[in-house]
Amino acid sequence: MKPIFCAITLAFVALTGCDDSPQAAASAGPPTPALTVTEWALPTAAGAAQPDLVATDDGLLLSWIEPLQSGHALRFARYRGGAWGAPRQIARGEDWFVNWADTPHLASTADGALWAHWLQKSAAATYAYDVALTRSEDGGANWSAPVLVNDDGTPTEHGFVSLWPMSDSSLGVAWLDGRETGSGGHDAHATSSGAMTLRAASFDAALQRSGEARIDAMTCDCCQTDVALTARGPLLVYRDRTPAEIRDIAVSRLQGGRWSVGRSVHADEWTMPACPVNGPAVAARGDEAVVAWYTAAGGTPTLKLARSSDAGDTFGAPVTFDRGEQVQGRVDVALDQHAAWVLWLREDAQGQSLQLARHAADLSRELQRVEIARLQGRGRGTGFAQLVLAGDTAHVVWTDVVDGRPRLRGAQISADDPAPRL
């Protein structure tokens, strides 16, 4: 069964009740236009999974992992002028750590270089792996020999990476680092006296490391990190962890060469004795930033969206945009001059569905909501969908599982009138 694509003209307000499904309601002000969803053909073969989608100055970059007869390959393709270029291989290996939640990423810098990372096993323990980083100076035709982002040499977990341009020719990298958890990595988290930490460093065009810093001494073990560039520096979001096992969302910003002390986006006070593998997402424009996240504080799966007008120093009260047992989370978010877009996953008795909502930029009201697709896959195999804006069009890529094999699918979503009528 193929995903269901449709155009829906619906305006929703933020959910305030305890229903397990979204409720249509008349929003304040005039009606907003339809969101039109069209299938977006991707240049990937059956078996492709773990997608990453990023915007560049002249198009989009899609990367993914493909299984080989022995090992895996990391491949990518460029979308420019409405067409895909031929897929190219970044790297391949037989000793990689390949996982539904901890996935490779791509980035570009103003000098034209492309950067990519993957995860490489460091020992026999399941979660003993390092972050490998590579760079291409010729548009992805050739890639450098990889270097390790983490140089601690411990057989522990290192991953859940975020990448951003540090300068015209250098890259910033943030990652969760298990060097203080003791031997055994993730397997030892429950009994180790050490904790997962959040670290960052920069790499120049020669892949030389500098400015490594420990941002947070105790974080959630396996929730994704995310980063967005504000007018005042990179804003990094992650799921924090306290000794009392409260796992709320925190932010830190790099400014003047120093990372700020992590501070909470909102005090959900979610007490969780294990990692939910459900990290936050962030987007920014100038001093404006929005963060979306999953929490189950109070026992009900809930998705929230909060806005900052001071580059992440403070956040307003969050908006709840979905809640109930069907909410899986796995959010992504994007921001343009008109609206904040948020993408997430639900799963009910009929299966999984991918949802997209568009909010006024100040989050005062929800403008539209649409179901992008119904998926055949269930559970973790569908991974984390990706959302990117290019002009007035949203681009979404996700993993489905068809006849037991992963397959990447895509959609393009546009508003008939991109500017909300307030």
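All of the points below concern the structure found in this document.

Thresholds, definitions, all that
Residues numbered from 1 in each chain as written. Predicted model: local features only at pLDDT ≥ 70, side-chain atom pairs only at ≥ 80, totals over all residues. Heavy atoms only, no water. Helix = DSSP H or I, 4+ residues; strand = E, 2+ residues; numbered from the N terminus. Buried < 20%, exposed > 50% of the residue type's maximum accessible area, 1.4 Å probe, protein only. Contact = heavy atoms within 4.5 Å. Areas by Shrake-Rupley, 256 points an atom, 1.4 Å probe, with all protein chains shown as cover. Pairing = 2+ DSSP bridges. Axes fitted to C-alpha atoms, helices over the stretch in contact; angles between N-to-C directions. Salt bridge = Lys/Arg side-chain N within 4 Å of Asp/Glu carboxyl O. 1 Å grid on protein atoms, 1.4 Å probe; cavity = no way out; pocket = protein on both sides within 12 Å on 5 of 7 lines; lining within 4 Å. Points joined across faces, edges and corners; volume = space filled by probe spheres on them. Nonpolar A, V, L, I, M, F, W, Y, C, P; charged D, E, K, R; others polar.

### So, the overall build of the chain
Thinking step 1. Regarding its fold elements, the chain presents zero helices and 31 strands.
Thinking step 2. Counting over 422 residues, the chain shows a buried share of 57%.
Thinking step 3. A separation threshold of at least 6 residues defines the contact pool for the chain, and within that pool the share at least 24 residues apart is 52%.
Thinking step 4. Accessible area of the chain: about 16,000 Å², with a carbon and sulfur share of 48%.

### Remarks on the pairing of strand E26 (residues 339-348)
Thinking step 1. Of all ten residues that make up E26, nine are buried, and the element is covered over most of its length.
Thinking step 2. With antiparallel pairing between neighbouring strands as the criterion, strand E25 (residues 327-335) and E26 make up a hairpin whose turn holds three residues.
Thinking step 3. Sheet topology note: the E26/strand E27 (residues 351-360) ladder contains ten bridges and is antiparallel. When the bridges of E27 are listed, Ala 340 appears paired with His 359.
Thinking step 4. Here E26 folds back onto E27, and the loop between the two strands holds two residues.

### Re the sheet that holds strand E15 (residues 209-216)
Thinking step 1. The strand order across the open sheet built from four strands is E12-E13-E14-E15, with neighbouring strands paired in antiparallel fashion. Since the sheet does not close on itself, it has two edges, and those belong to strand E12 (158-165) and E15, each with one partner. Across the sheet, the axes of successive neighbouring strands diverge by a mean angle of 20 degrees, strand direction being ignored.
Thinking step 2. Relative to E15, strand E14 (residues 197-203) is paired through five bridges, and the arrangement is antiparallel. Bridge pairing links Arg 199 to Arg 214 in E15.

### Things to note about the sheet that holds strand E24 (residues 319-323)
Thinking step 1. A sheet is described by the order of its strands in space; here four strands give the open sequence E21-E22-E23-E24, paired in antiparallel fashion. Either end of the sheet is taken by a strand with one partner, and the two such strands are strand E21 (281-285) and E24. Pairwise comparison of adjacent strand axes, ignoring direction, gives a mean angle of 15 degrees for this sheet.
Thinking step 2. Strand direction decides the pairing type here: strand E23 (residues 302-308) and E24, joined by four bridges, are antiparallel. By the bridge assignment, Leu 303 is partnered in E24 with Asp 322.

### Quick word on the pattern of salt bridges
Thinking step 1. Counting across every chain of the model gives 27 salt bridges.
Thinking step 2. Between Asp 58 and Arg 80 there is a salt bridge, and its shortest N-O distance comes to 2.7 Å. Of this pair, Asp 58 sits in the loop between strand E3 (49-56) and strand E4 (59-67) while Arg 80 is found in strand E5 (residues 72-80), placing the two residues 22 residues apart along the sequence.
Thinking step 3. Judged by relative accessible area, which is 38%, Asp 58 ranks as partly exposed.

### Description of the environment of Ala 283
Thinking step 1. Take Ala 283: it is sitting in strand E21.
Thinking step 2. On the basis of relative accessible area, Ala 283 is assigned to the buried category, the value being 9%.
Thinking step 3. Considering only alpha carbons, one finds Ala 283 and Ala 228, 55 residues apart in sequence, at a separation of 5.3 Å.
Thinking step 4. If we skip the residues at most four places from it in the chain, Ala 283 touches Ala 228, Glu 288, Ala 289, Val 290, Val 333, Ala 334 and Leu 335.

### Points about empty space enclosed by the protein
Thinking step 1. Across all of its chains, the model carries three cavities of 30 Å³ or more by this definition.
Thinking step 2. Of the voids in this model, the largest cavity is the one considered here, and its volume is about 50 Å³.
Thinking step 3. Surrounding the largest cavity, Arg 330, Leu 345, Leu 354, Leu 375, Thr 382, Gly 383, Ala 385, Trp 398 and Thr 399 form its lining.
Thinking step 4. Residue classes in the lining of the largest cavity are distributed as five nonpolar, three polar and one charged.
Thinking step 5. When its volume is computed, the second largest cavity comes out at roughly 40 Å³.
Thinking step 6. Around the second largest cavity sit Ala 49, Gln 50, Pro 51, Trp 100, Gly 381, Thr 382, Gly 383, Phe 384 and Thr 399, which together line it.
Thinking step 7. With three residues, E3 is the single largest residue contributor to the lining of the second largest cavity.
Thinking step 8. Residue composition of the lining of the second largest cavity, grouped by class: four nonpolar, five polar and no charged.

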